[in-house]
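Chain residues, written in single-letter form:
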Amino acid sequence: LVYNALKVCTHLTMPSPDIARNLVNKEHKMIVQVCEAFTQTDGAIEVIMTLLAEPLSRHPKMSDRDASLVELVIVFLRNLVASSMPPNGASFIEMEEGRRVHSDLLRKFKEAEVMDLLLTIAQHARERPFKSQSSALLEIFLNTFNFTSADQLMNIPDVTAATEIP
């Protein structure tokens, strides 16, 4: 059940490349709603992360099904982080909303130890099945620190505090 729900949520959070310009903001708002549902529901991210326990315990001898599950989770996490990034030409209000969603998402990632797991996976990015997901991992890391300056990273022990709106 969780696996099928994850497939649907991954699809719902994936922006359409063929969407008309006038629909980009509507699509982005719907994608953000899915992201907010995960940040406002206690334990939702943790449930997704538990799907990885068995497949990762079998690394490097994962089956194709294990590899596809890991890929699905990584793509979903990438979509969640990307959804908190406002579209080009966003207004000030949309930028601030993006910062709020981003901060909430990072807080949930910290609670579920998502970044620790992704960093561990990134250490094996040259191995199967992670090799095919190395660009998605880079996107996650890039978008995670999008609202964070180098000074903020050096001066605080917690990245989630760096992205919070004062």
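> Tell me about the overall build of the protein chain, and please be specific about residues and values.
Helices and strands together make up the secondary structure of the protein chain, namely 10 helices and 0 strands. Ordering the α and β elements of the protein chain from the N terminus gives α-α-α-α-α-α-α-α-α-α. Within the protein chain, residue pairs in contact and separated by at least 24 positions form 70% of the contacts whose partners lie at least 6 positions apart. By element, 57% of the accessible surface of the protein chain is carried by carbon and sulfur atoms, the whole surface being about 9800 Å².

> Explain the packing of helix H7 (residues 114-122) against helix H8 (residues 134-144) residue by residue, including any values.
In contact at an axis separation of 11 Å, H7 and H8 are set at 140 degrees when each is read in the N-to-C sense. Of the possible angle classes, the one that applies to H7 and H8 is oblique. H8 is crossed by H7, and the crossing has left-handed handedness. Residues Met115, Leu118, Leu119, Ile121 and Ala122 of H7 form the contact with H8, whose own contacting residues are Leu137, Ile140, Phe141 and Thr144. Its residues assigned to classes, the contact of H7 with H8 comprises 8 nonpolar, 1 polar and no charged.

> Explain helix H1 (residues 2-12) residue by residue, including any values.
Of all the residues in H1, the buried ones are Leu6, Cys9 and Thr10. Seen along its axis, H1 keeps its buried residues to an arc of 100 degrees; they face one direction.

> Describe in detail H8, supporting the description with residues and values.
Three or more residues of H8 are buried, namely Ala136, Leu137, Ile140, Phe141, Asn143 and Thr144. Its buried side turned inward, H8 meets helix H5 (64-83), helix H6 (92-111) and H7.

> Outline the pattern of salt bridges, supporting the account with residue identities and numerical values.
Opposite charge on two side chains permits them to pair, given that their charged atoms come into close proximity. All chains considered together, the criterion is met by 10 salt bridges. Arg100 serves as the salt-bridge partner of Glu36, at 2.3 Å between the closest nitrogen and oxygen. Here the residue Glu36 occupies a position in helix H2 (residues 24-40), and Arg100 occupies one in helix H6, the gap between them amounting to 64 residues. Given the relative accessible area of 15%, Glu36 is considered buried.

> Lay out unusual backbone geometry in plain terms, naming residues and giving numbers.
The amide bond that connects His59 to the next residue, Pro60, takes the cis arrangement and shows omega of 10 degrees. Among the secondary structure elements, Pro60 is positioned in the loop between helix H4 (53-57) and H5. Residue Glu113 is not a glycine yet carries a positive backbone phi of 55 degrees. Tracing the backbone shows Glu113 in the loop between H6 and H7. Judged by its relative accessible area of 52%, Glu113 falls in the exposed class.

Rules of the game
Residues numbered from 1 in each chain as written. Predicted model: local features only at pLDDT ≥ 70, side-chain atom pairs only at ≥ 80, totals over all residues. Heavy atoms only, no water. Helix = DSSP H or I, 4+ residues; strand = E, 2+ residues; numbered from the N terminus. Contact = heavy atoms within 4.5 Å. Areas by Shrake-Rupley, 256 points an atom, 1.4 Å probe, with all protein chains shown as cover. Axes fitted to C-alpha atoms, helices over the stretch in contact; angles between N-to-C directions. Parallel < 35°, antiparallel > 145°, perpendicular 65-115°, else oblique. Left-handed = near helix turned anticlockwise from the far one by under 90°. Nonpolar A, V, L, I, M, F, W, Y, C, P; charged D, E, K, R; others polar. Buried < 20%, exposed > 50% of the residue type's maximum accessible area, 1.4 Å probe, protein only. Arc of directions from axis to C-beta. Salt bridge = Lys/Arg side-chain N within 4 Å of Asp/Glu carboxyl O.

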